[in-house]
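Given next are the chains, with one letter for each unit.
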Amino acid sequence: MLRFAPSPTGDMHIGNLRVAIFNYLLAKKENIDLIIRIEDTDKKRNIENKDKEILEILALFSIDYKSVSYQSQNLKYHQKMAMKLVEEKKAFACFCSDETLQVAKQKAKDENKPYRYDGTCKNLSESEVLNNEKSFSIRIAKPEKNIEFHDDLRGDFSFSPFEIDDFVILRKDKSPTYNFACGVDDMLMDISVVLRGEDHISNTPKQIYIRQALGYDKKIRYIHLPIILSKISGKKMSKRDDSSSVKGLLAEGFLPIAIANYLVLLGNKTPNEIFDLDEAVSWFEIKNLSKSPAKFDIDKLRFINKEHLKKIDEQRLIKLLGFEDKDFGFLAKIYLEECSTLEELKLRIKPYFEEKNDISEFKNDFLLLQKTIQEAEFFDDFEEFKANLSKVSQLKGKSLFKPLRYILTGSHKGPNLSAIYPYIKNYLGEITK
Ligand code: GLU
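Residues numbered from 1 in each chain as written. Predicted model: local features only at pLDDT ≥ 70, side-chain atom pairs only at ≥ 80, totals over all residues. Heavy atoms only, no water.

## What to know about the sheet that holds strand S8 (residues 168–170)
Strand order in the open sheet formed by three strands is S4-S5-S8, with antiparallel pairing between adjacent strands. For this open sheet the edge positions go to strand S4 (91–94) and S8, each flanked by a neighbour on one side alone. Looking at each pair of strands side by side, their axes are set apart by 45° on average, direction ignored. (Pairing = 2+ DSSP bridges. Helix = DSSP H or I, 4+ residues; strand = E, 2+ residues; numbered from the N terminus. Axes fitted to C-alpha atoms, helices over the stretch in contact; angles between N-to-C directions.)

Here it is in structure tokens:
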């Protein structure tokens, strides 16, 4: 069983979507189930409806899965298991105040050392615990030996007890910490493969250790994907990067199929550059992925989006642009010379039907042409249409073409009118009104 475990704490980041896509590809490839686990235990950071938004995005990208669960529903198991570890003396109550811990963390920071718990509450006697009325968190006592694991992409890892530390598993409000809830749930859900971002590598030994302490010895396969860096700053794509939010990219008019294509292509050896997820299932291999961070290149995504827009059926394209007639789908495709996204295409097609007011430069010629077109018979051929206009209006050269382009397209520049005419000839009344 595979799982994708997003936190409903913000807009879905492209790095998270990439993790979801790779989980989906691996599930299909290996014919194992994928489940979605919404990790909503950190109540302070949860944002209302982000869970629904995440599920909507997965649907938009055709990432199907077996079931959805919410981590908070497992709270009683998290608490029970923490208490089991306390009873077995594998975990202990910690009464240290937030202030004390904060001071110790600051001291470590000032000394440029990693912060580690100083063990104050580790060896309290039973009566010291029972007679203490202060609220407490629960910490797991660090392991005695190194925790080792294998990552299918990166090889072997070994973490020392010092690196793992006596970490908190249940907060003072008795909610589980991320590592504890995740370690327990992966066990309860019988997860066999964890594929997630490399920012979780240091969490993995903690989660393995939690399961070991609970007596669960099934090995989980791990794959930690490289992070995505901003091409501009060279740093991890942050929430502030415009192109890091999936919602943002969709609003800009990138197609889900193109975004998915790009995220699979990034840092991967693929047999071709343009593909959909169904094709990717047939050749996808973890070993072809690069271990190094990938750089997000919006120009490459634009190129890929354009290629998918070229392949789309004209009827579907025009629906996506918010119009009806297939002819305008053909028209939109002409604009793919200069446009790469749906939003850019909309900006070219919409003005055809909008009121055309920017005519000061050629007002009289414009009005004359408008009237001539409205009164003219139908011409199938652009040359005949043009010749007739010129004859009736007596306009020639620039005086004819500049206003004509504007009347027909709502723009002062663009592709050859002869290329456009076949797709608009049946709608001249509407366009020139
Ligand atoms: N909820 C975690 C996150 O969104 C993912 C944890 C995981 O995949 O283990 O980063």
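Still to come is the rest of the account.
## Some details on helix H4 (residues 98–110)
Spanning 13 residues, H4 covers 18 Å between terminal C-alpha atoms, matching the ideal 18 Å at 1.5 Å per step. A positive phi of about 60° marks asparagine 112, the residue just after H4. (Expected span 1.5 Å × (residues − 1).)

## Digging into the site of the ligand
Around the ligand, the surrounding shell consists of Arg3, Ala5, Ser7, Glu39, Tyr178, Cys182, Arg196 and His200. Arginine 3 places a polar side-chain atom, nitrogen or oxygen, 2.7 Å from an oxygen atom of the ligand. Within the side chain of histidine 200, one N or O atom sits 3.0 Å away from an oxygen atom of the ligand. Protein contacts shield 84% of the accessible area of the ligand, which totals 300 Å² for the unbound molecule. Of the residues in the shell around the ligand, the class split is three nonpolar, two polar and three charged. (Near = heavy atom within 4 Å. Polar contact = N/O pair within 3.5 Å; in protein donor to acceptor, adjacent residues only side chain to side chain. Areas by Shrake-Rupley, 256 points an atom, 1.4 Å probe, with all protein chains shown as cover. Nonpolar A, V, L, I, M, F, W, Y, C, P; charged D, E, K, R; others polar.)

## Observations concerning unusual backbone geometry
Peptide bonds are mostly trans, and most non-glycine residues show a negative phi. Its identity is not glycine, yet serine 62 carries a phi of approximately 55°, on the positive side. Mapped onto the fold, serine 62 is located in the loop between helix H2 (50–60) and strand S3 (67–70). Positive phi, normally seen in glycine, also occurs at aspartate 165, with a value near 70°. Inspection of the secondary structure puts aspartate 165 in the loop between helix H6 (161–164) and S8.

## A closer look at the pairing of S3
Bridge count for strand S2 (residues 34–38) against S3 is four bridges, and the pairing is parallel. Bridge pairing links arginine 37 to serine 69 in S3. In this fold, S2 hands off to H2, which returns the chain to S3; that crossover is right-handed. (Right-handed = clockwise from strand over helix to strand, strands pointing away.)

## As for the nonpolar core
Residues Leu17, Leu25 and Phe385 are the most contacted members of the largest nonpolar core, which totals 92 residues. Top contributing element to this core by residue count: helix H1 (residues 14–30), with ten residues. Ranked by size, the runner-up nonpolar core spans 29 residues in total, among them Ile138, Phe159, Phe167 and Leu170. (Core = buried A, V, L, I, M, F, W, Y, C linked by side-chain atoms within 4.5 Å. Buried < 20%, exposed > 50% of the residue type's maximum accessible area, 1.4 Å probe, protein only.)

## Describing the pattern of salt bridges
The full count for this structure, using the stated rule, is 30 salt bridges. A salt bridge links glutamate 273 to lysine 300; the shortest N-O distance between them is 2.3 Å. Here lysine 300 lies in helix H12 (residues 298–311) and glutamate 273 lies in the loop between helix H10 (256–265) and helix H11 (277–283), a separation of 27 residues in the sequence. For glutamate 273, a relative accessible area of 32% corresponds to the partly exposed category. (Salt bridge = Lys/Arg side-chain N within 4 Å of Asp/Glu carboxyl O.)

## A look at the packing of aromatic side chains
As enumerated under the stated definition, the model contains 20 aromatic pairs in all. Connected via pairs of aromatic rings, a cluster forms that spans Phe149, Phe157, Phe159 and Tyr222. In this arrangement the basic side chain of arginine 116 is found over the ring face of phenylalanine 162, its NZ or CZ atom lying 4.6 Å from the centre. Lying across the ring of phenylalanine 136, lysine 174 places its NZ or CZ 4.1 Å from the centre. (Phe/Tyr/Trp six-rings, centres within 6.5 Å; stacked < 30°, edge-to-face > 60°. Lys NZ or Arg CZ within 6 Å of the ring centre and 35° of its normal.)

## Considering the environment of isoleucine 47
Within the secondary structure layout, isoleucine 47 lies in the loop between S2 and H2. Using a relative accessible area of 39% as the deciding quantity, one classes isoleucine 47 as partly exposed. In this structure, the C-alpha to C-alpha distance between isoleucine 47 and serine 69, residues 22 residues apart in sequence, is 17 Å. With sequence-adjacent residues up to four places away left out, isoleucine 47 is seen in contact with Pro8, Thr9 and Gly10. (Contact = heavy atoms within 4.5 Å.)

## Some details on the environment of tyrosine 115
Summarising the element assignment, tyrosine 115 is placed in the loop between H4 and helix H5 (126–130). Setting aside residues up to four positions removed in sequence, tyrosine 115 forms contacts with Leu101, Ala104, Lys105, Ala108, Arg139 and Asp165.

## Digging into the pairing of strand S7 (residues 155–159)
Where strand S6 (residues 147–151) meets S7, five bridges bridge the pair, whose relative direction is antiparallel. Within S7, the residue paired with phenylalanine 149 across the bridge is phenylalanine 157. Between S6 and S7, which pair antiparallel and follow one another directly, the connecting turn spans three residues.

All quantities given are derived from atomic positions and should not be read as evidence of function.
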